[in-house]
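Observations on the model geometry
Each chain, written out:
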Amino acid sequence: MLVVLAGPLALLITYAFRESNFLGVGPGPTLEQFKAVFEQSANVKIMLRTLGIGLAVATACTAMAFVLAYAIRFRLHGRRAAIALGIVVAAGIASFLVRVYAWGTILGTNGLLNSALQDLSLVNHPLGFLFFGYFSIGVTMAYVYLPIATLLVVSAMQEIDPRDVEASHDLGAGRWRTALRVVAPQARGGIAVAFAFTAVLASSDYVTPLLVGGARGLMVGALVQEDALVNGNYPASAALAFSFLALLVLALATIALLVRLCRRPAAALARLVDRHATRLTRWVPDAIAGRSLSRPAALLLLAYLILPTLVVVVFSFNSASTIGLPFKGFTLHWYPSITERLGFGEALEGSIQVALTAVVVGVLIGVPAAFAINRATGRLGSGLSALVYLPYAIPGVLLGIAILTAADQLGLQLGRGVTSLVHVLLVAPLVALVVSARLTGMDPRIFEAARDMGASPARVLRTVTLPLIMPAVIGAALIGAAYSLDEILATNFTIGTSSTIPVWLFGQARRGFNPGINALGVMMMAGTLLIFLIAAVLLRRTLINPGREPV
Amino acid sequence: MPGGIHATTADGPAPIPFLRLSGVTKRFDETQVLRSTDLEIAQGEFFTLLGPSGCGKTTLLRILSGFESASSGEVRFRGKDLGRTPAERRPFNMVFQSYALFPHMSVAGNVAYGLRTKGAGREEIRERVRGILELVHLPDAGPRPVSELSGGQQQRVALARALVNEPEMLLLDEPLGALDLKLRKFLQDELRSIQRRLGTTFIYVTHDQEEALAMSHRIALMNAGEVVQVGGPREIYEQPQSRFVAEFIGEANVLACKVLAAGRNEAEVVLDGGGACTLRKYGDARLVPTDPALAVVRPEHLQIGGAEPLLKGVVRQNVFLGTHCRYDVEVDGQIVRVAGSTAGAPAEGAVEICLVPGRGVVVPDEPASAVVQQAGRQGGSAAEDADDA
């Protein structure tokens, strides 16, 4: 695993120091590529803009995620909290590509918003800034990465005792103060992770800029993609990718440092605000002070998560061939029509083959890895579990070009095989994580009990361990399959002349809108959601265990 | 029935003991969790390892079960060294604190597990599972999933799952620790009667001294990785050999005193700020005249008023406890607890405290144990909630 992952990355680093010529890659080492990156002011400008967007998206995402997570954890109860969490999870799961595409149909020049504005005679011609620009990229990315940020913050808040919040109210703190001074500091780790995660994801994303950014929305990921795939200049793309990565790490480190340095002044400021806020808010009537703001805010955010996908669903049934209001009439025509397009069958075959390979190999690697993680203790254990997360910490673009250059170097034919390898890198850790979580969740005494009653280690494995982890294995395999079927960021680099459904759909979507894309998008979302639902049911059953065994 | 702690040097070859631990120790990295331990346990005994959290009692049990191996020393079962025998080959079964029931099996599946492992026939398994479930009063629970059972029922299933294998020895690791007080009391009686009926040797780990007193034939009281005293419940309660034992078991006033004269089984002492009296003495500790020592007196061995007043003090509090009441009497800044009758008018103000003749024990001077300070003092059962690490 480590070799497959680290090898290409190391190779990619060396590529960044090599020359490129017409024949391909020249000998190195040279700093030419880096010089080229920084000599072009356009490159530097785009890098800085990308960084700006990444950080802005991360800030917006983290703030919204905090509000949503706070409401889910502390302000909504029972069924409502479960439904809200379910919506967040479903939004995070439903196809990434389709959710990006959804915003294209809303913000596009002839998209929903512009045509609505024109119909209402509010504007005479389509508003350009809505589409093809950093505004639409920002809105789309904030939407796309809100679920994952929310889940990270929710899991951090899970550790906080809800009685802390009650105690804070009991001691006279209002809702704002409780959220900012009791909840936020305790969820600090999760908030920081959510920020860093969304910053990395957003600034390395090239699908969103290509789909909704247009000519005025160039970002680094798109440049890297172009260098590698269109120009075939791997050293240039590698240098650009690593330059930007270094910039991003530098930026995140600076932010972390600033946060640390500002802790004391911030605390002083907070105390000052506290003192005056108490005096000011004393005049607010009880009935208003007692109202929760986070609940309506959470409702708005949930609507933000649901509505764009609903637009895709609705317009997949619209008989008009352009996207926009008014709704012409109901049709199912687009569903079969998209599947008849050139390349669909091949892409579907590719998707299925890659997903199956990735899941089978991923399980074969992931399950033993889970046992190793579970058994390893101390430094070895933490090292192993860090390794498991590594493929997720590496931006998809980087993984993509790393494998691409490695395949090039080894003379491997790009296509389903290489793509399967990339997907194994993503599925195996997932299996390892889920199964090791299951193993950790089990009482180790259960295995001792089996041995105590005379079972040999092999018998314990067969009669106790495997039956207990099987639902987790199947659940993880399903999640891995759904992930593989939807993966585009890395696949796009490694699939070569072959294709998978997301890659094919991406190509279709870039060519212009077509209601058939909506239809396929709906099918993809429904497919991933269905797979996840089955996985969720299976994983839940492992927790409750209603297994019966007649004697 | 149970034999003494120390093997008696009888004439002829000594009989092979049922279970014998000699010099057993356990280290985890730098921590010595078990100091050299010698114990002998007779067949059919209900033997309890009692002590505060982290005293090493669970470690000792796990060494017996085979889940931990001793760092040194040996465990002999019927004369055979168990050092190299893995857990699955030992003729013992264990009831785990967390029950450790197999969540993917029914009650009957759990109970039958050990029998299946041994390759018993279907009919035999069915019969024995039915029988053992009746014994633990769950005759109809067989087909139910274990997750549907209450804590008390799960505990019974765990017991049945172990007992059905007819082990030579049943090891119980705080089996009642997770249950509420009422259920615990009820199951204590039941465990006790099952043990007496089957005659199986029980090794029982608990931190609840009341539980240990109520159920055991013999108790080994442990502290800081060491067995500090072994004896029957009555002996442990009435004849403490150290301050720790006196304070861990039941309630005790510990009063500083000075030795006047010491014999083999008793000593004459004078209490600091009080009178002289004769107290019992147990164990091997030597007491020398004029040395400081500690008088250990249970509240029920003191009374307010009497012929020979030992201490003088002021009643600070009178607590009604149903069967009796308890006076908290301040003597020289120390609170002395005295049991009193609930009949008649309660004593108030300045009082004299007397010792019930023939009661009270003297033990060597020793600082109070932090563990007992925390747990033992408050009615004796506060330690029950602490989890054994």
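Summary of the structure given here. Not measured: the values here are computed from a predicted model.

Of the regular secondary structure elements, chain A holds 26 helices and two strands. Taking all 551 residues of chain A together, 50% fall into the buried category. Counting contacts in chain A only where the partners sit at least 6 residues apart, residues at least 24 apart contribute 78% of the total. Surface accessibility of chain A: about 26,200 Å² in total, with carbon and sulfur atoms responsible for 68%.

Okay, the side chain of S316 of chain A next. Turning to its location among the elements, S316 of chain A is positioned in the loop between α16 (294-315) and α17 (334-339). Sequence-distant contacts of S316 of chain A, that is, excluding residues within four places in its chain, are made with T331, W334, Y335, P515, N518, A519 and V522 of chain A.

Turning to a nonpolar patch on the surface, a few remarks are in order. Together, V360, V361, L364 and I365 of chain A give the surface a local cluster of nonpolar side chains, amounting to about 330 Å² of exposed area. Within the secondary structure, V361 of chain A is located in helix α18 (residues 344-375).

Taken together, the contact between chain B and chain A spans 31 residues of the former and 27 residues of the latter. A buried area of about 2,700 Å², summed over both sides, lies between chain B and chain A, and 54% of it is on carbon and sulfur atoms. Looking only at chain B, the three residues that lose the most surface to chain A are E88, H104 and Y113 of chain B, adding up to 25% of its buried area. Taken together, the links from chain B to chain A amount to two salt bridges. In this structure, the salt-bridge partner of R451 of chain A is E88 of chain B, at a minimum N-O distance of 3.0 Å.

Evaluated as defined, the whole model comprises 15 aromatic pairs over all chains. A ring pair is formed by F66 of chain A and Y70 of chain A, whose centres lie 6.1 Å apart and whose planes are at 20 degrees; its orientation type is stacked. Linking F66 of chain A with Y70 of chain A, this pair stays in helix α3 (residues 41-75), spanning four residues, or about one helical turn. Among the residues examined, Y70 of chain A registers a relative accessible area of 4% and is labelled buried. Ring geometry for F244 of chain B versus F248 of chain B: centroids 5.6 Å apart, planes at 20 degrees, classification stacked. Placement of the pair is F244 of chain B and F248 of chain B together in helix α8 (residues 243-248), with a separation of four residues, close to one helical turn. With a relative accessible area of 2%, F244 of chain B lands in the buried category. What makes F248 of chain B buried here is its relative accessible area of 6%. Put simply, the rings of F66, Y70 and F74 of chain A touch in pairs and so form one group of aromatic residues. Over the face of the ring belonging to Y143 of chain A we find R99 of chain A, whose NZ or CZ atom lies 5.2 Å from the ring centre.

What follows is about the packing of helix α12 (residues 220-230) of chain A against helix α20 (residues 396-410) of chain A. All names here are of chain A. Across the interface, α12 lies against α20 with an axial gap of 11 Å and an inter-helix angle of 20 degrees. Judged on the interaxial angle alone, α20 and α12 are roughly parallel. The handedness of the crossing between α12 and α20 comes out as left-handed. Residues V224, A228 and L229 of α12 lie in contact with α20, whose contacting residues are V397, I401 and L404. For the contact of α12 with α20, the per-class residue count stands at six nonpolar, no polar and no charged.

Turning our eyes to something else, we now look at α18 of chain A. In this model α18 of chain A runs 45 Å from its N-terminal to its C-terminal C-alpha over 32 residues, within 8% of the 46 Å that 1.5 Å per residue would give. Bending of α18 of chain A peaks at approximately 30 degrees at the position of V363 of chain A.

Residue and element names in this part refer to chain A. Enumeration according to the criterion identifies 25 salt bridges over all chains in this entry. Among the salt bridges present, the one from E448 reaches R445, with a minimum N-O distance of 3.8 Å. In this pair, E448 and R445 are both assigned in helix α22 (residues 444-452), three residues apart and thus about one turn of the helix distant. Using a relative accessible area of 13% as the deciding quantity, one classes E448 as buried.

All names here are of chain A. By the definition in use, this model includes three cavities of 30 Å³ or more. There is about 130 Å³ of room inside the largest cavity. Forming the boundary of the largest cavity are 13 residues, of which S204, A241, F244, P395 and V397 lie nearest the centre. Mapped onto the lining of the largest cavity, the elements with two or more residues apiece are α10 (188-204), α12, α13 (234-261) and α20. The element contributing the most residues to the lining of the largest cavity is α13, with four residues. Residues belonging to the lining of the largest cavity are distributed by class as follows: ten nonpolar, three polar and no charged. Here the lining of the largest cavity gathers at least three residues from each of two domains, domain 1 (1-15 + 27-284 + 292-331) and domain 2 (334-544).

Further remarks concern the pairing of strand β17 (residues 325-331) of chain B. Residues and elements named next belong to chain B. The element β17 is extensively covered by neighbouring structure, given that six of its seven residues are classed as buried. Here strand β16 (residues 309-320) pairs with β17 via six bridges, running antiparallel. Bridge pairing in β17 links V314 to E330. Between the antiparallel neighbours β16 and β17 lie four residues, among them G322 with a positive phi of about 90 degrees. Here seven bridges tie β17 to strand β18 (residues 334-340), and the two strands are oriented antiparallel to one another. The residue of β18 that forms the bridge with V329 is V336.

The rules behind these values
Residues numbered from 1 in each chain as written. Chains lettered and ligands numbered in written order. Predicted model: local features only at pLDDT ≥ 70, side-chain atom pairs only at ≥ 80, totals over all residues. Heavy atoms only, no water. Helix = DSSP H or I, 4+ residues; strand = E, 2+ residues; numbered from the N terminus. Buried < 20%, exposed > 50% of the residue type's maximum accessible area, 1.4 Å probe, protein only. Contact = heavy atoms within 4.5 Å. Areas by Shrake-Rupley, 256 points an atom, 1.4 Å probe, with all protein chains shown as cover. Patch = residues over 30% accessible without salt bridge, like charges linked within 9 Å, V, L, I, M, F, W, Y side chains within 5 Å. Salt bridge = Lys/Arg side-chain N within 4 Å of Asp/Glu carboxyl O. Buried area = accessible area lost by both parts, 1.4 Å probe. Phe/Tyr/Trp six-rings, centres within 6.5 Å; stacked < 30°, edge-to-face > 60°. Lys NZ or Arg CZ within 6 Å of the ring centre and 35° of its normal. Axes fitted to C-alpha atoms, helices over the stretch in contact; angles between N-to-C directions. Parallel < 35°, antiparallel > 145°, perpendicular 65-115°, else oblique. Left-handed = near helix turned anticlockwise from the far one by under 90°. Nonpolar A, V, L, I, M, F, W, Y, C, P; charged D, E, K, R; others polar. Expected span 1.5 Å × (residues − 1). Bend = angle between axes of the 7 residues up to and from the residue. 1 Å grid on protein atoms, 1.4 Å probe; cavity = no way out; pocket = protein on both sides within 12 Å on 5 of 7 lines; lining within 4 Å. Points joined across faces, edges and corners; volume = space filled by probe spheres on them. Domains from an automatic or database assignment. Pairing = 2+ DSSP bridges.

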